[in-house]
Amino acid sequence: MRQLRAAATCGLLLTSAGCMQYLVQPPQPSLAGTPQTVQANSYLGSEVQQPPYVLAQRCRNGEQLARVLVRRNFGQGLISWLTLGMVAPATIEYSCANAGEPPLGGGGGS
Amino acid sequence: MATQPSFNAKTRWKNFHESYEQTIVGEWDVFMPQQASGLTVADLKETSAQFQKLIAEARKQGLKARAVGSSWSLSRAPTTTGWTFNTNRLRGRLKVPAADVDPLYPGSADQKAGLYLFQCGNTVADVNKVLESDSQKRALFTSGAANGQTIVGATSCGTHGSALEFGALHDHIVAIHLIASGNSHFWIERKSRPVMSAAWVKGLGATLKRDDDDLFNAAVVSFGSFGVINAVVLETAPRYLLETHPATAKLDEALWKVIGALDFSAHPLFKTAGKPYFFQAVINPPTDEVLIMANYRKEGPASHQANYDLISDPKSIGPGFDALSTVGVILDRFKGVIPAFSKIAAQQLFDTKPKTGVPGEIYGFKPPLLHVASGSIAVALPDARRTLEALIALYKEIGPVPLVFGCRYTRKTPALLGFNKFDMGLMISLDGVDSENTRKFFDAAADRLEAKGIDYTQHWGKVNAYTPARLQKAYGGNVAKWLAARKQVLPDAADRAVFDNAYIADRGLAG
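Values in this document were obtained by computation on a predicted structure and should not be read as measured data.

About the criteria used
- Residues numbered from 1 in each chain as written.
- Chains lettered and ligands numbered in written order.
- Predicted model: local features only at pLDDT ≥ 70, side-chain atom pairs only at ≥ 80, totals over all residues.
- Helix = DSSP H or I, 4+ residues; strand = E, 2+ residues; numbered from the N terminus.
- Buried ≥ 20, exposed ≤ 12 C-beta atoms within 10 Å, placed from the backbone.
- Contact = placed C-beta atoms within 7 Å.
- Core = buried A, V, L, I, M, F, W, Y, C linked by C-beta atoms within 7 Å.
- Domains from an automatic or database assignment.
- Nonpolar A, V, L, I, M, F, W, Y, C, P; charged D, E, K, R; others polar.
- Pairing = 2+ DSSP bridges.
- Axes fitted to C-alpha atoms, helices over the stretch in contact; angles between N-to-C directions.
- pLDDT = per-residue confidence, 0-100.
- Parallel < 35°, antiparallel > 145°, perpendicular 65-115°, else oblique.
- Left-handed = near helix turned anticlockwise from the far one by under 90°.

(A) Fine view of the overall build of chain B. Helix and strand counts for chain B stand at 16 helices and 22 strands. When its C-alpha atoms are laid out on the principal axes, chain B stretches across 60 × 50 × 50 Å. For chain B, the residues scored as buried account for 52% of the 511 residues in total. Partitioning the intrachain contacts of chain B with sequence separation of at least 6 by distance along the chain shows that 75% fall at a separation of at least 24.

(B) Quick peek at the overall build of chain A. Within chain A, the regular secondary structure consists of 2 helices and 6 strands. Ordering the α and β elements of chain A from the N terminus gives α-β-β-β-β-α-β-β. Per-residue burial over chain A gives 21% buried out of 110 residues. Counting only contacts in chain A whose residues sit at least 6 apart along the sequence, the fraction spanning at least 24 positions is 78%.

(C) How the structure looks around the nonpolar core. With 134 residues, the main nonpolar core has F85(B), I176(B), L178(B), A219(B), V232(B) and V233(B) as its most contacted residues. Element by element, the count of residues in this core is highest for strand β10 (residues 173–181) of chain B, at 7 residues. Judged by nonpolar contacts, the second largest core, of 5 residues, contains L31(A), A32(A), A66(A) and C96(A).

(D) Expanded view of helix α3 (residues 124–131) of chain B. Burial within α3(B) is extensive, with 8 of its 8 residues counted as buried. Looking at α3(B), one finds that the buried residues are V124(B), A125(B), D126(B), V127(B), N128(B), K129(B), V130(B) and L131(B). Buried residues along α3(B) sit in contact with β6 (104–105) of chain A together with β7 (93–95), β8 (115–119), β9 (138–139), α4 (151–156) and α10 (359–362) of chain B.

(E) How the structure looks around unusual backbone geometry. Cis geometry is adopted by the peptide bond preceding P51(A), which originates at Q50(A) and carries an omega value of -5 degrees. The backbone of E18(B) shows a phi angle near 55 degrees, a positive value even though the residue is not glycine. Within the secondary structure, E18(B) is located in the loop between β2 (12–14) and β3 (21–23). The phi dihedral of K137(B) is positive, around 55 degrees, even though this residue is not glycine. Looking at the element boundaries, K137(B) is found in the loop between α3 and β9.

(F) Here's a closer look at the domain arrangement of chain B. Residue and element names in this part refer to chain B. When cut into domains, chain B gives domain 1 (6–238 + 483–505) and domain 2 (241–299 + 321–465). Counting residues at the interface gives 38 residues for domain 1 and 37 residues for domain 2. Elements with a contribution of two residues or more to the side of domain 1 that touches domain 2: α3 and α6 (214–219). Across the side of domain 1 that touches domain 2, the residue classes break down as 16 nonpolar, 16 polar and 6 charged.

(G) A look at the sheet that holds strand β2 (residues 31–43) of chain A. Residue and element names in this part refer to chain A. The 5 strands lie next to each other as β1-β4-β5-β2-β3, forming an open sheet whose pairing is antiparallel. Lying at the two open borders of the sheet, with one neighbouring strand each, are β1 (20–24) and β3 (48–50). Averaged over neighbouring strand pairs, the angle between their axes works out to 25 degrees when direction is ignored. By the bridge criterion, 3 bridges tie β2 to β3 in an arrangement that is antiparallel. Its bridge partner lying in β3, N41 is registered against Q50. Contacts from helix α2 (residues 74–82) reach β4 (64–72) and β5 (87–97), with the element oriented near 140 degrees to β5.

(H) Structural detail: the confidence of the model for chain B. Within chain B, residue pLDDT values average 92, and 93% of them lie at 70 or more. Confidence estimates for the predicted assembly give a pTM of 0.93 and an ipTM of 0.86.

(I) Representation of the sheet that holds strand β15 (residues 240–250) of chain B. Residues and elements named next belong to chain B. With antiparallel pairing, the 8 strands of this open sheet are ordered in space as β18-β15-β17-β16-β20-β21-β19-β22. Two strands close off the open sheet at either side, each with one partner strand: β18 (356–357) and β22 (456–458). Inspection of the sheet shows β15 paired to β18 by 2 bridges, in the antiparallel sense. The residue of β18 that forms the bridge with E243 is T356. Helix α11 (residues 384–398) contacts β16 (278–283), β19 (372–380), β20 (403–411) and β21 (424–433) of the sheet and is inclined by roughly 20 degrees relative to β21. In this fold helix α12 (residues 436–451) packs onto β19, β20, β21 and β22, with an angle of close to 10 degrees to the strand it touches most, β19.

(J) Focus on the environment of A474(B). Residue and element names in this part refer to chain B. By the element assignment, A474 lies in helix α13 (residues 468–475). For the pair A474 and D455, spaced 19 residues apart in sequence, the C-alpha separation works out to 7.0 Å. Those residues in contact with A474 that lie beyond four places of it in its chain are K421 and T457.

(K) Quick peek at the packing of α11(B) against α12(B). Residue and element names in this part refer to chain B. The geometry of α11 relative to α12 is characterised by a closest axis approach of 10 Å and an angle of 140 degrees between their N-to-C directions. Taken together, the axes of α11 and α12 are oblique relative to one another. With respect to the hand of their crossing, α11 and α12 are arranged in right-handed fashion. Residues T387, A390, L391, L394, Y395 and I398 of α11 form the contact with α12, whose participating residues are N437, K440, F441, A444, A445, R448 and L449.

(L) Spatial organisation of the pairing of β2(A). All names here are of chain A. Across 10 bridges, the pairing between β2 and β5 is antiparallel. By the bridge assignment, Q39 is partnered in β5 with T91. The loop that links β2 with its antiparallel partner β3 comprises 4 residues; one of these, L44, has a positive phi angle of about 50 degrees.

(M) Main features of the packing of helix α7 (residues 253–261) of chain B against α11(B). All names here are of chain B. Close contact between α7 and α11 brings their axes to 7 Å; oriented N to C, the two are set at 105 degrees. With respect to α11, the axis of α7 lies roughly perpendicular. Each of W256, I259 and G260 in α7 lies in contact with α11, whose residues at this interface are A384, R385 and L388. Of the residues assigned to the contact of α7 with α11, the class counts are 4 nonpolar, 1 polar and 1 charged.

(N) Seen up close, the confidence of the model for chain A. On average, residues of chain A carry a pLDDT of 86, and 85% of them reach 70 or more. No element of chain A has a lower mean pLDDT than helix α1 (residues 2–15) of chain A, at 63, and none a higher one than β5(A), at 95.

So, in structure tokens, the structure goes:
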């Protein structure tokens, strides 16, 4: 029981240290290429961003987004905490999505 | 006209589960030709030419190269220090017309009607969706537990499947289109099972190789070492449904008969339903509680609208994408909570809700998890019980390990270096969280089986401890045959060097 409490405390400390991440994805992800990583900063309580937005340039030929993951590691969280949110760095990872289902060749129907 | 490959000067590559990273020189995105009415031979030729150009350029620049699909592998099999070729946009597919099948094809009329060519970037999920549609009414005979791997990535690493009366996932494959070098590409089949007509292969511009069975049996499980596999032809089954029967049972003598010998006659869970099509037992070593999954095959209905969606409960809260990396650190420090954690993890890693659906729904999309640890060991069914007892004893010696043992059973594969080496094999999937104790357990497991004199193989796409000596012991003369087959398609050492990596070098398979 003591170990469970200690584990819970440790977990709480880790999660409250400013680390965060959240994943957005569709119900049937179909990834095109590999994830692309962009370092981003948000300033003045999110009033200013650098870059202002992330353009998913690796998505080609009508590809949309399959997955977006926003991550803040311990160091990034610490900077945000120390600057009271004036500087809030994060890592953004996006994956392109295959555009639709290719038709079945060979006269096999769709 | 296809979009030309596009270079990305990315130098850090990581696998899907983020269990390791690799420094590369860059990656090439390869695109599918526009297809108004489906994949054609001309499309395959165009992609082949693009790959040949990239391979030739890699050789010219003295770079290594590898094709990568979903980067699903937990082993370093797909790694390269040079260029990666992303194949997961190459999702062309076609139903093989009867007119293109070789007159000597020995398959039945049903098998002939169920031949499909899939380009390398199709995932297992893609394959299932195509086959299981109402227009095709076909299915894979067997499947891995996940569906995010590309069909070529999963099969090249020897994914073992899970049906009691079928072999590995790669045993669906009957033809391979291999781009070996800047000036060669091959259409490889078994001599004993010709599939595509010589005229069709000539139209593709590939060199037909079916003088024996060995070359095919080597190339089908070659983890990217023979070149780029552009496409494969699969044999398929008529569409069927699986009805899952999950249960929890005590690890008593009756259950040992099931797990250790596939004797379903004495256990109350199977008295009525009998032998399933698929059987899995998940052992949580510190307890005597076993999660059972028995799936029964039912004839497919005339019409079935499959729902492949990853279903999530919007009210739920649970571990997220990267939870296991933190959990591993915590469990290293608080080992007392591991047995309870393993029980929860088993329920998360293995689907325990009853359902009925086509195989693509049963082995469907799952929430992604990072930093998982997973290795698999295969042994002959007669060695099943003593192997499990040895591994449970090792688990207890090392101390609680955040791992559970998933037991699945499959038939032998003809692939020379196939994981499914045994006539009837038990595949023990050691699944859990990457932690200090987990790594200790993986390191010690192979030694323990050797100390007990148990013949075993390891999964190429998961954490494994293969060495040249262990490979020789597991596969004997097949290793030399595999190396000879590689030289058959890559006779020039400089061409072989392009596809060498540390993973195969460490196992004595490079050069």
